[in-house]
Amino acid sequence: MAQTPNDPAGTTHQFQNFQNRGQAEKSSGPNMALIIGVLAVVAVVVIAVAALLMM
């Protein structure tokens, strides 16, 4: 077979451009998992302090 196989992902250069755009978009916004984790820790501390004050 003389033809080169059809690469559905495109060229390596196109993939690298796609990957770079994806990383730039991900890092632009706040990390939602970190925000949710901090809010959960704050909620646990508030509940613990309230429980200690009611004793």
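Now for a look at the structure at hand.

Conventions and cut-offs
Residues numbered from 1 in each chain as written. Predicted model: local features only at pLDDT ≥ 70, side-chain atom pairs only at ≥ 80, totals over all residues. Heavy atoms only, no water. Helix = DSSP H or I, 4+ residues; strand = E, 2+ residues; numbered from the N terminus. Buried < 20%, exposed > 50% of the residue type's maximum accessible area, 1.4 Å probe, protein only. Areas by Shrake-Rupley, 256 points an atom, 1.4 Å probe, with all protein chains shown as cover. Expected span 1.5 Å × (residues − 1). Polar contact = N/O pair within 3.5 Å; in protein donor to acceptor, adjacent residues only side chain to side chain. Patch = residues over 30% accessible without salt bridge, like charges linked within 9 Å, V, L, I, M, F, W, Y side chains within 5 Å. Salt bridge = Lys/Arg side-chain N within 4 Å of Asp/Glu carboxyl O.

Observations regarding the overall build of the protein chain
And then number 1: Looking only at helices and strands, the protein chain features two helices and zero strands.
And then number 2: For the protein chain, the residues scored as buried account for 0% of the 55 residues in total.
And then number 3: As displayed, the protein chain offers around 5,400 Å² of accessible surface, 69% of which is attributable to carbon and sulfur atoms.

Notes on helix α2 (residues 32-53)
And then number 1: Between its first and last C-alpha, α2 extends 32 Å over 22 residues, near the 32 Å set by a 1.5 Å rise per residue.
And then number 2: For α2, the side-chain oxygen to backbone nitrogen distance between the N-cap and A33 is 3.4 Å, and the N-cap itself is N31.

Looking at a nonpolar patch on the surface
And then number 1: Taken together, the side chains of M32, I35, I36 and L39 present a nonpolar region at the surface, about 400 Å² in accessible area.
And then number 2: Along the chain, the position of I35 falls in helix α2.

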